[in-house]
Amino acid sequence: MSSNTRVRFAPSPTGYLHIGGARTALFNWLHAKHTGGVLVLRIEDTDRSRNTAEAAQAIYDGLRWLGLDWDEGPEAGGDLGPYFQSERETIYQSYLDRLRAADRVYDDNGSVRFRFTREKVVFDDVICGHIEFDMTSAETNPDMTIRRPDGSWIFHFVNVVDDIEMKISDVIRGEDHLSNTPKHVQLYRALGVPPPRFAHIPLILNRDGSKMSKRDQGASLNTYIEGGYLPEAVRNYLCLLGWSPKDNREKLDLAEVVQLFDLAKVHRKNAAFDLDKCTWLNGEYVRELSDDRFQEMGRQALTKAGIDLGKFLPDYVRAALETCKGKFRIFSELPAYGGFYFKDDFEFNADGVAKHFVPANKPLLLAVREAFAALDTFDAASLEAALKATASGRAIKVGALVHPTRLAVTGSNAGPSLYHLLEVLGKEKVLARLDRALSRFG
RNA sequence: GACCCUAUCGUCCAGUGGCCUAGGACACCGCCCUUUCACGGCGGCGACACGGGUUCGAAUCCCGUUAGGGUCGCCA
């Protein structure tokens, strides 16, 4: 399927990719893919104080992490560049000349202003529908500045010029630009170019409904990258914010979303970012991760938490990680869940101590130690049999032994399957840890 | 303040005049499964912002109010 659809994602290099920007990029990407069109990436760095190179890199990294590639732009090439506004000076100059020739600009204290036509501006937004703005009053809509006295350009002007030059057919952007659109439409008309289609997507709000700004928790994509989230899960969650496959499904693969995505069906309502749901969805994906990728991400998460895996045999690490699969939702939870495999001097959970390290349990734990010590083969099946035999020999429930034992060897009340975890730990470590716990009883 | 957008469970989404005593998901609570946790299963809690219309009939259409968000820069 070929088409003339050309969309663009045009972020300002702020040093990180905002979660709202990420979704705008995602929707642009989806629309391009759905229509067989092209996605252009353009860096809007007209503000000279911004450190473009590094800040732009953060944007590429974020987009690539999400799996969003662009057809034209930095590091991708294209015939309609350059794709940094800071490198398009002569183009802007020529467009300014056109406006000047048409007598649509004038100087004001050294800056250049664009003279609006005093009229009603109407346009049809793909998402928001028919929009009317009354621009007849210079009081409420004063002529806008398009170039500063120092020669630098203002967003509205360069944005429109670039969209014209890059032959953008559909401008898909955040709803915060809806009120700016009539100004842009006026610019198109003054330049004698038909405006593109506009589609303003709703904004992402904080969980409490307030506006999500730079400093808010979760505003930066980095939060998810560093927090041990999977890109496919975050991408899936973002798809569901303001758009729906309509059949109550939550987990959708990318190819299917591309097929179903319909820009016109995107909501008009702002949505709150629900980290809990995003985390749940992540857990769904983690559970289905291939063993290799799970192992790789697991090692990364543990290393990041300060654990030196080099001190352990690869087989030990692999087996340890294996017992944790499917038990947690985001990788940042892994160190707390399975860190005991790599630390002998861990603290014992206080609630657990109060509940299980009571005097009456000391003989029980001793009996378990004795049973385990007598084992020749230290595998899950033998351990389970030994523990159950110990329990029935004393006419107590298995749980009465399981809980103190788990606490003794892991320091926690929750964790991987006890018998498997004991097997991975090995006889030596298990007996040592049991002794260490026993010493706590005084 | 002016203008623009929006308004279904706490959150995300389904619902486009009768199928709605409003459905699903996350979260929360209970039960079951179970060596813990998680998963899974079952059940519960929980919403059409308010007021007027239109219509035989309104969550769905219209108007108003209220609330939230956005824009009004020589930021993007």
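Refer to the structure printed above.
Report follows, based on the coordinates. (Residues numbered from 1 in each chain as written. Chains lettered and ligands numbered in written order. Predicted model: local features only at pLDDT ≥ 70, side-chain atom pairs only at ≥ 80, totals over all residues. Heavy atoms only, no water.)

Before going further, it helps to examine the protein's contact with RNA strand B. Neighbouring residues of RNA strand B: 63 residues in total, closest R148, K211, K269, K327 and N413. For RNA strand B, the backbone makes up 72% of the atoms found within 4 Å of the protein, where backbone means sugar plus phosphate. Every element with two or more residues in the surface near RNA strand B is listed here: β4 (111–114), β6 (129–134), α4 (155–165), β11 (271–272), α9 (275–287), α16 (398–410) and α17 (418–425). In terms of residue count, the dominant contributor to the surface near RNA strand B is α9 (4 residues). (Near = heavy atom within 4 Å. Helix = DSSP H or I, 4+ residues; strand = E, 2+ residues; numbered from the N terminus.)

The final tally for this structure, using the stated rule, is 26 salt bridges. For R64, the salt bridge identified is with E75, shortest N-O distance 2.9 Å. One end of the pair, R64, is in helix α2 (residues 52–66); the other, E75, is in the loop between α2 and α3 (89–101), with 11 residues separating them in the sequence. For E75, a relative accessible area of 56% corresponds to the exposed category. (Salt bridge = Lys/Arg side-chain N within 4 Å of Asp/Glu carboxyl O. Buried < 20%, exposed > 50% of the residue type's maximum accessible area, 1.4 Å probe, protein only.)

All right, on to the layout of surface pockets then. When its volume is computed, the largest pocket comes out at roughly 1,000 Å³. Forming the boundary of the largest pocket are 36 residues, of which S12, H18, G21, D176 and H177 lie nearest the centre. Within the residue set of the lining of the largest pocket, elements represented by two or more residues are β1 (6–9), α1 (19–35), α4, β8 (170–174) and β10 (204–205). Residues that form the lining of the largest pocket fall into these classes: 14 nonpolar, 13 polar and 9 charged. (1 Å grid on protein atoms, 1.4 Å probe; cavity = no way out; pocket = protein on both sides within 12 Å on 5 of 7 lines; lining within 4 Å. Points joined across faces, edges and corners; volume = space filled by probe spheres on them. Nonpolar A, V, L, I, M, F, W, Y, C, P; charged D, E, K, R; others polar.)

Running from amino to carboxyl end, helix α14 (residues 362–373) crosses α16 at an angle of 80°, the nearest separation of the two axes being 10 Å. Viewed along their axes, α14 and α16 adopt a mutual orientation that is roughly perpendicular. Together, L364, L365, V368 and F372 of α14 and A400, L401, P404, T405 and A408 of α16 make up the contact between the two elements. Its residues assigned to classes, the contact of α14 with α16 shows 8 nonpolar, 1 polar and no charged. (Axes fitted to C-alpha atoms, helices over the stretch in contact; angles between N-to-C directions. Parallel < 35°, antiparallel > 145°, perpendicular 65-115°, else oblique. Contact = heavy atoms within 4.5 Å.)

Okay, the environment of V234 next. Take V234: it is sitting in helix α7 (residues 231–239). Among the residues examined, V234 registers a relative accessible area of 0% and is labelled buried. Apart from residues no more than four positions distant in its own chain, V234 is found in contact with W65, L66, L221, Y224, Y229 and C278.

Our focus in this paragraph is empty space enclosed by the protein. Within this structure, the stated rule accounts for 1 cavity of 30 Å³ or more. Its boundaries defined by the atoms lining it, the largest cavity holds a volume of some 40 Å³. Looking at the lining of the largest cavity, the element that brings in the most residues is strand β2 (residues 38–41), giving 3 residues.

What follows is about unusual backbone geometry. Look at the link from G81 to P82: it is a cis peptide, with omega at 0°. In this fold, P82 is placed in the loop between α2 and α3. A positive phi angle, close to 75°, is found at K246, a residue other than glycine. Inspection of the secondary structure assignment puts K246 in the loop between α7 and α8 (254–260). You will see that A395, though not glycine, has its phi angle at about 60°, which is positive. On the basis of relative accessible area, A395 is assigned to the exposed category, the value being 71%.

This paragraph deals with the side chain of T405. Mapping T405 onto the fold places it in helix α16. Residue classification places T405 among the buried positions, given a relative accessible area of 0%. In contact with T405, other than residues within four places in its own chain, are L365, V368, F372, L387 and L418.

In this structure, F157, L238, F273, F331, Y341, F342 and F372 are the most contacted members of the largest nonpolar core, which totals 142 residues. Looking at this core, the element that brings in the most residues is α1, giving 8 residues. With residues up to four places along the chain from it excluded, the contact list for F273 reads I19, I204, L205, N206, R207, M212, Y224, Y237, L238, L241 and C278. (Core = buried A, V, L, I, M, F, W, Y, C linked by side-chain atoms within 4.5 Å.)

Here we come to the sheet that holds strand β7 (residues 144–147). Sheets are built from strands that pair by backbone hydrogen bonding, the pairs being arranged parallel or antiparallel. Ordered by their spatial adjacency, 3 strands build an open sheet running β3-β4-β7, and the pairing between neighbours is antiparallel. Of all the strands in the sheet, the pair left with one neighbour each is β3 (105–108) and β7. Pairwise comparison of adjacent strand axes, ignoring direction, gives a mean angle of 45° for this sheet. Both β4 and β7 contribute to a ladder of 3 bridges, which runs antiparallel. Among the inter-strand pairings, F114 is bridged to a residue of β7, identified as M144. (Pairing = 2+ DSSP bridges.)

Let us now look at the packing of α1 against α7. One can describe the packing of α1 onto α7 by two numbers: an axis separation of 10 Å at closest approach and a directional angle of 80°. When the axes of α1 and α7 are compared, the pair comes out roughly perpendicular. For the pair formed by α1 and α7, the contact residues are I19, A22, R23, L26, F27 and L30 on the first element and R235, L238 and C239 on the second. Within the contact of α1 with α7, the residues separate by chemical class into 7 nonpolar, no polar and 2 charged.

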